Amino acid sequence: MIPDILSPGQYDTVYNSLSLVIAAQLFTAVFLLIALPRILPRYRQAITVAIIVCGIAAYHYFRIFDSFREAFVTEAAGGQGDYAQAAGAGFNEGYRYVDWLLTVPLLLVELIAVLALARSVQRGLLVRLVPAAALMILLGYPGEISGDNGIRGLFGLLSTIPFAYILYVLFVQLTKSLNKQPVGVRRILSQLRWLLLLSWGVYPIAYLLPMLNLEGADAWVFKQVGYSIADILAKAVYALIIFRVARIKSFDDDP
Amino acid sequence: MIPDILSPGQYDTVYNSLSLVIAAQLFTAVFLLIALPRILPRYRQAITVAIIVCGIAAYHYFRIFDSFREAFVTEAAGGQGDYAQAAGAGFNEGYRYVDWLLTVPLLLVELIAVLALARSVQRGLLVRLVPAAALMILLGYPGEISGDNGIRGLFGLLSTIPFAYILYVLFVQLTKSLNKQPVGVRRILSQLRWLLLLSWGVYPIAYLLPMLNLEGADAWVFKQVGYSIADILAKAVYALIIFRVARIKSFDDDP
Amino acid sequence: MIPDILSPGQYDTVYNSLSLVIAAQLFTAVFLLIALPRILPRYRQAITVAIIVCGIAAYHYFRIFDSFREAFVTEAAGGQGDYAQAAGAGFNEGYRYVDWLLTVPLLLVELIAVLALARSVQRGLLVRLVPAAALMILLGYPGEISGDNGIRGLFGLLSTIPFAYILYVLFVQLTKSLNKQPVGVRRILSQLRWLLLLSWGVYPIAYLLPMLNLEGADAWVFKQVGYSIADILAKAVYALIIFRVARIKSFDDDP
Amino acid sequence: MIPDILSPGQYDTVYNSLSLVIAAQLFTAVFLLIALPRILPRYRQAITVAIIVCGIAAYHYFRIFDSFREAFVTEAAGGQGDYAQAAGAGFNEGYRYVDWLLTVPLLLVELIAVLALARSVQRGLLVRLVPAAALMILLGYPGEISGDNGIRGLFGLLSTIPFAYILYVLFVQLTKSLNKQPVGVRRILSQLRWLLLLSWGVYPIAYLLPMLNLEGADAWVFKQVGYSIADILAKAVYALIIFRVARIKSFDDDP
Amino acid sequence: MIPDILSPGQYDTVYNSLSLVIAAQLFTAVFLLIALPRILPRYRQAITVAIIVCGIAAYHYFRIFDSFREAFVTEAAGGQGDYAQAAGAGFNEGYRYVDWLLTVPLLLVELIAVLALARSVQRGLLVRLVPAAALMILLGYPGEISGDNGIRGLFGLLSTIPFAYILYVLFVQLTKSLNKQPVGVRRILSQLRWLLLLSWGVYPIAYLLPMLNLEGADAWVFKQVGYSIADILAKAVYALIIFRVARIKSFDDDP
Ligand SMILES: CC1=C(/C=C/C(C)=C/C=C/C(C)=C/C=O)C(C)(C)CCC1
Ligand SMILES: CC1=C(/C=C/C(C)=C/C=C/C(C)=C/C=O)C(C)(C)CCC1
Ligand SMILES: CC1=C(/C=C/C(C)=C/C=C/C(C)=C/C=O)C(C)(C)CCC1
Ligand SMILES: CC1=C(/C=C/C(C)=C/C=C/C(C)=C/C=O)C(C)(C)CCC1
Ligand SMILES: CC1=C(/C=C/C(C)=C/C=C/C(C)=C/C=O)C(C)(C)CCC1
Ligand code: NA
Ligand code: NA
Ligand code: NA
Ligand code: NA
Ligand code: NA
Ligand code: NA
Ligand code: NA
Ligand code: NA
Ligand code: NA
Ligand code: NA
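In this convention, every chain numbers its residues from 1, walking through the sequence in written order. Both sets of labels track the order of writing: A upward for chains, 1 upward for ligands. Whole-chain, interface and lining totals are the exception, using all residues; otherwise, since this is a predicted model, local features are given only for residues with pLDDT of at least 70 and side-chain atom pairs are given and counted only at 80 or more. For side-chain calculations, the full set of non-hydrogen atoms in the structure is used, while hydrogens and water are omitted.

Draft legend 1. The overall build of chain A, seen in detail. Elements are defined by DSSP. Helices are runs of H or I of four residues or more, strands are runs of E of two residues or more, and each kind is numbered from the N terminus. Regarding its fold elements, chain A presents 7 helices and 3 strands. Restricting the calculation to C-alpha atoms gives the radius of gyration, and the globule rule supplies 2.2 Å times the number of residues raised to the power 0.38. Rg of the C-alpha trace for chain A: 20 Å, near the compact-globule value of 18 Å for 255 residues, within the 12% margin. Judged by the C-alpha coordinates and their principal axes, chain A covers about 60 × 40 × 25 Å. For chain A, buried positions account for 56% of its 255 residues. What makes two residues a contact is simply this: any of their non-hydrogen atoms within 4.5 Å. The contacts of chain A with a sequence gap of at least 6 include a subset with a gap of at least 24, amounting to 81%. Carbon and sulfur atoms make up 66% of the accessible area of chain A, which amounts to about 10300 Å² in all. Averaging the locations of the 20 positively and 17 negatively charged side chains of chain A gives two centres separated by 20 Å. Only protein chains enter the area calculation, which uses a 1.4 Å probe; residues under 20% of their type maximum are buried, those over 50% are exposed, and those in between are partly exposed. Here, Shrake-Rupley sampling with a 1.4 Å probe gives the accessible areas, and only protein chains in the shown set may cover a residue. In this charge count, Lys and Arg are treated as positive and Asp and Glu as negative; neither His nor the chain ends contribute. Note that the charge is assigned to NZ on lysines, CZ on arginines, CG on aspartates and CD on glutamates.

Draft legend 2. Region of interest: the nonpolar core. Counting 445 residues, the largest nonpolar core has Phe68(A), Phe68(B), Phe68(C), Phe68(D) and Phe68(E) as its most contacted members. Those residues within four positions of Phe68(B) in sequence are excluded, and the remaining contacts are Leu6(B), Tyr11(B), Val14(B), Tyr15(B), Leu18(B), Phe91(B) and Trp220(B). By convention a nonpolar core is built from buried Ala, Val, Leu, Ile, Met, Phe, Trp, Tyr and Cys residues, the set being connected through side-chain atoms within 4.5 Å.

Draft legend 3. Empty space enclosed by the protein, seen in detail. Both cavities and pockets are sets of points on a 1 Å grid over the protein atoms alone; in a cavity a 1.4 Å probe fits but cannot get out, in a pocket the set is open with protein on both sides within 12 Å along at least five of seven lines, and lining residues sit with an atom within 4 Å of a point. Grid points are joined across faces, edges and corners, and a volume is the space filled by probe spheres set on the points. Throughout the structure, instances matching the rule amount to 5 cavities of 30 Å³ or more. As for the largest cavity, its lining consists of Tyr15(B), Arg63(D), Ile64(D), Ser67(D), Phe91(D), Asn92(D), Glu93(D), Tyr95(D) and Arg96(D). Those elements that provide at least two residues to the lining of the largest cavity are α2 (41-71) and α3 (95-115) of chain D. Charged residues are taken to be Asp, Glu, Lys and Arg, nonpolar residues to be Ala, Val, Leu, Ile, Met, Phe, Trp, Tyr, Cys and Pro, and polar residues to be all remaining types, Gly included. Residue classes in the lining of the largest cavity are distributed as 4 nonpolar, 2 polar and 3 charged.

Draft legend 4. Summary view of the site of ligand 1. Residue and element names in this part refer to chain A. Close to ligand 1 lie 17 residues, the nearest being Ser159, Trp200, Tyr203, Asp231 and Lys235. One of the side-chain N or O atoms of Asp231 is found 3.1 Å from an oxygen atom in ligand 1. Broken down by secondary-structure element, the contributors of at least two residues to the shell around ligand 1 are α3 (95-115), α4 (119-145), α5 (149-178), α6 (183-208) and α7 (217-253). Of the residues contributing to the shell around ligand 1, the split by class is 11 nonpolar, 4 polar and 2 charged. The cutoff for a nearby residue is simple: one of its non-hydrogen atoms must lie within 4 Å of the molecule or strand. In protein, a polar contact requires one atom able to donate a hydrogen and another able to accept it; more generally it is a pair of N or O atoms within 3.5 Å, and residues adjacent in sequence count only if both atoms are side-chain atoms.

Draft legend 5. Structural view of the sheet that holds strand β2 (residues 72-73) of chain A. All names here are of chain A. The pairing criterion for strands is at least two bridges between them, as found by DSSP. The sheet built from 3 strands is open, its strands ordered β1-β3-β2 with antiparallel pairing. Because the sheet does not close on itself, it has two edges, and the strands there are β1 (5-6) and β2. Two strands pair when backbone bridges link them, and β2 and strand β3 (residues 83-85) are joined in this way by 2 bridges, in the antiparallel orientation. Its bridge partner lying in β3, Val73 is registered against Ala84.

Draft legend 6. Local environment of the interface of chain B and chain D. At the interface, 23 residues of chain B touch 27 residues of chain D. When two parts are brought into contact, each loses some accessible area as probed by a 1.4 Å sphere; the total of that loss over both is the buried area. A combined buried area of about 2000 Å² lies between chain B and chain D, and 62% of that area is made up of carbon and sulfur atoms. For chain B, the biggest contributors to the area lost against chain D are Phe27(B), Ile34(B) and Arg38(B); these three give 28% of the whole. Here, a salt bridge means any Lys or Arg side-chain nitrogen found within 4 Å of an Asp or Glu carboxyl oxygen. Put simply, chain B and chain D have 0 salt bridges between them. Applying the counting rule to chain B against chain D returns 7 residue pairs in polar contact (both at pLDDT 80 or more). Listed by contribution, the elements that provide at least two residues to the side of chain B that touches chain D are α1 (8-35) and α2 (41-71) of chain B.

Draft legend 7. Seen up close, the relation of the copies chain B and chain D. Superposing the copies works by least squares over the C-alpha atoms of residues that have pLDDT at least 70 in both of them. Placing chain B over chain D gives an RMSD of 0.0 Å and needs a rotation angle of 72°, together with 0.0 Å of translation along the axis. Here the symmetry operator amounts to a five-fold rotation axis.

Draft legend 8. Representation of the sheet that holds strand β1 (residues 5-6) of chain B in the model. The sheet built from 3 strands is open, its strands ordered β1-β3-β2 (chain B) with antiparallel pairing. Both edges of this open sheet fall to β1 and β2 (72-73) of chain B, since each of them pairs with a single strand only.

Draft legend 9. Structural view of the site of ligand 2. Residues and elements named next belong to chain B. Of all residues adjacent to ligand 2, which total 17 residues, the nearest are Ser159, Trp200, Tyr203, Asp231 and Lys235. Within the side chain of Tyr203, a nitrogen or oxygen atom sits 3.4 Å from an oxygen atom of ligand 2. Within the side chain of Lys235, a nitrogen or oxygen atom sits 2.9 Å from an oxygen atom of ligand 2. Computed on the free molecule, ligand 2 has an accessible area of 530 Å², of which 99% lies beneath the protein chains in the complex. Elements that contribute at least two residues to the shell around ligand 2 include exactly α3 (95-115), α4 (119-145), α5 (149-178), α6 (183-208) and α7 (217-253). Here the shell around ligand 2 is built from residues that sort into 11 nonpolar, 4 polar and 2 charged.

Draft legend 10. Representation of the interface of chain E and chain C. Contacts between chain E and chain C engage 23 residues on the former and 28 residues on the latter. Interface of chain E and chain C: buried area, both sides summed, is about 2000 Å²; carbon and sulfur atoms make up 62% of it. The interface formed by chain E and chain C includes 0 salt bridges. At the junction of chain E with chain C, the criterion picks out 7 residue pairs in polar contact (both at pLDDT 80 or more). Contributions of two or more residues to the side of chain E that touches chain C are made by α1 (8-35) and α2 (41-71) of chain E. Of the residues assigned to the side of chain E that touches chain C, the class counts are 13 nonpolar, 5 polar and 5 charged.

So, in structure tokens, the structure goes:
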């Protein structure tokens, strides 16, 4: 699925997108770290997890960026010619799953932590959401690295089961707890779930692309840009909204 | 527009300018980080955003600097010969837009935050300025990467609309709010807007250069140096003035 | 024992596992560092040691990862061919012992420190556990780097003596002290010892592999993945459980 | 003026000197950062500027060191042969001016800040010293990069005017203010000015060398070592003395 | 004295030793930095100096490690062949003196600072110990880099004079002051001096090796390992003991 040739424009587009994600994730983490003391201790766990998530993402994007730069090379002066796959260096498509395995469960921890629910309710949600998230990623991986569309389809299907379960818990079960949240944050939290749905939805759709015969350099560039936007929404923007919730609740509790 | 040949002196001039920007942005960020506790909590949001802006700029300039060094090479002993465009590595002119997309809206957030206006006024300004700034950059990008002067002109024109709108908000609408600022800072804030106008103006002018047939190595070197100075003014010097405003206001509020 | 050839899939599996360990150790350290102020001073020593252990592991995995990448190379476009051992660069199997020499004694210090026992009891445990742990690693090293299975067996046996002694101290002698711990943490601490047994057990088993003639690329890849999982359990997960104990005890002491 | 050949001993001498400066500047900055909380808030501005100065110097010396290593190469085994200028990489003599442009004005800010004079006196000194320092460096630059001794002499002369003015302000005008300093620090501050004179004097002298026909490898090595010592005195040692002044004054104000 | 050939086992031994020192110094510094707030302000100066010493050592060992890796190369697959001296890269034996010049005087400052003696006694010790330590290193350097055994002997002798003087001050003059220390730390401080003697003694002995015709790869590897152990004892272990003294004294002063 990795294209053999990228035009200079395609190369620069991917280059710029990947670098944008590094900057967005890294400096969201730095921002939250500096702003942490302005949050009440009770909500710091959520923000700390958000820092970790954006930090891990930045680390992985540094590697993805370097891997991309090594994987496509040209001989043209000033880089103004077609980029071909390099000898001996490849773009590791499965690498994103390493990131997801760590960050996707933590994104749910982040959300639950900022709600500051009763300890038993919180535990109940976490023991269901975290393993489901890990399972979802682990089941998707064999499909991603397989060249066979049948295997891809099968594991994609299996992975969708925990995905559906996570959405069920978030949109059906969590709804009752939302009513116990201060009025000011209820609307934000509900928007946050929609942001989550929208951004997370990108990943299973991207997973389908090879099965839809949507191959070629353009499709691949489009996919990388799509991943980049989804990752910024699902981690950095998501973290900033969680931060805003924590700020409002800090102010409500201790004006 | 990227020149084929740079003399050693031209090469060193760009090299020194780009490195100067790294040092200025990085250590402005470090300075503000160390000085942050001396600011009242109410104004820390503004300084935190300033740290993030200078940090993002330093990150991008590290990449621009490395990209420049790889893009121009010589075979002469001691580097004392002409530098030509390298095979397989180019100077990515569009890369600055990645930086601007993140930092230009934040520069406006920084300014609004230090004013510490009533919450609703602040929101009103942000929902107008931030999207306008993002739009301005996004509209300029297709013109920048296009080789066609017609497309360049068209998108430059489109991008100027949000630019004009931002200046209108800053110079017409914001003026009323300035009167509510303590006397001591009013003058500084007004100077700050002029610094902003002066430094931001550099970018659309540089954008015009290829359309004025101002090509050649000298023009390009001049442009890189101009960008460097404008970036230091628009981010580092700007941040230090914002810091001074925050210090004065901190002292006024809690002498 | 290092395989001559790795398939692209095997190469990526090891690559992804090693990178996963870097991220897990590094960000566990960062998490604990940010969360440290939420722990009572009395338990901070334990968490500080946990930060150091995960930090040292991250440092060593950076080197192991780079060493792996240099040690196996391919000439195939996009890295889609077999990877062979590189000329002039090897994977340094003995390097893990450098890590263990520092971290294994510290893992025991971490455990003892979080118990916050009487000073004399604590000293008594440390003077037995720390030298035993160092001895265990030092005795294993000559066997590991020797090509001779007899020497391997001999030193493996010698190394097992301090290993058995450590387990004896932890599971027999420490048990009395556990009864003095608050009820809420007793169960966690007992689980922690089992986690320790389970994860530490991986290393002597991996040590036996060459003696069982379990050679070949698959066995080696399996061993690297096994080490990676064991290292995450024995350091990062272990540290997070220690952190939870410290949190509960902090809350018990100063609700 | 850059020599064509360095002996191994000359190479190592420059290598060791440059690395010594990195360590000295970097760890002076780290030391001051850790010690900052032990200074009264009123004197923290001075120490913060000192941290920034040493940090900027460390950053530039990292580049100078790498540039030196790339600029001189040998083919001899173990590096035990003559080092010649590399093809395509040069030692950038003008690069130090980038550092000075930022740090020399800040060194004066550092000194004025630790005096903690009345706000108007302080402003009066800064508006004279800072522009003079920037002018001195900017005027020296064209002379430094010119190959012509006439131009070198002319700009050296022009640059000496602001230099003399700075010394006049420091040694004549500032003297009155020194009398308002606590007795214990008066002597240290006076020594500090002599340290400044001594170390700053090295730079115009080094500037003269090419005009005195003091060329050759030995002269160049001597100059690099001289710069290194002067930079350590003018920034790191200077910062530590400023720190001592701040400590004594902190103790006097709040014993 | 640098060997022409290292076996893979010898190469790995030096590699592992040097990396061990990096980890030990770096993480001792990190540990002390995190633990600093648990020390009374009065003893923080000592711990801050200890952090700086271990930090400087870590920095130098990073360079020594990289220099070693570049200086010895092999062409054998998997690195399983003899390593020879590389063309154009050498192992810089004199580089350790750069480290010592900064750290050896600071090790004495660290010791004196933790004693927290009367200001005048402290000053009296420092003005004798610090210059003596710097002189000892400076006098040893010309001998180290000279290939002539006569010069080596002469400067070794000269360097021994300040060395003997330092030991005299520490073991004769300081003894009176030790009696004013709390009983609990007196024994530790006396052990600390023996650790100092033992570890410092390694350096003059290593200095003698070339004069004893103890050449060859084994002797050199032995020397590198010896230096590594001595450096860990003289800086990291030493710092941890100083830390323990500071902890006990902090507790005695403010229980
Ligand atoms: C359902 C499904 C998948 C879901 C992936 C998701 C939901 C990933 C979320 C990633 C996030 C949130 C990353 C953040 O930056 C897979 C594994 C593609 C396999 C196909 C089926
Ligand atoms: C109006 C206009 C532009 C404006 C760019 C601006 C105003 C950029 C500001 C950048 C800053 C402030 C960077 C800080 O370092 C473009 C995009 C060049 C396109 C042409 C029209
Ligand atoms: C008994 C035994 C061994 C034990 C090793 C252990 C117990 C290592 C633990 C490592 C840990 C906990 C690492 C953490 O990441 C050796 C040396 C393999 C040699 C063979 C006998
Ligand atoms: C008078 C004069 C000069 C003065 C330079 C000075 C005074 C530099 C100070 C540098 C410092 C203090 C660096 C700190 O590390 C120049 C520019 C060489 C040009 C010739 C005339
Ligand atoms: C007496 C003597 C020497 C002493 C060196 C010492 C005492 C070095 C101590 C280094 C330390 C403590 C490093 C810490 O990591 C030299 C210079 C070898 C030259 C020969 C005579
Ligand atoms: Na590339
Ligand atoms: Na691959
Ligand atoms: Na170049
Ligand atoms: Na390009
Ligand atoms: Na590889
Ligand atoms: Na090897
Ligand atoms: Na070199
Ligand atoms: Na040059
Ligand atoms: Na090597
Ligand atoms: Na050498």
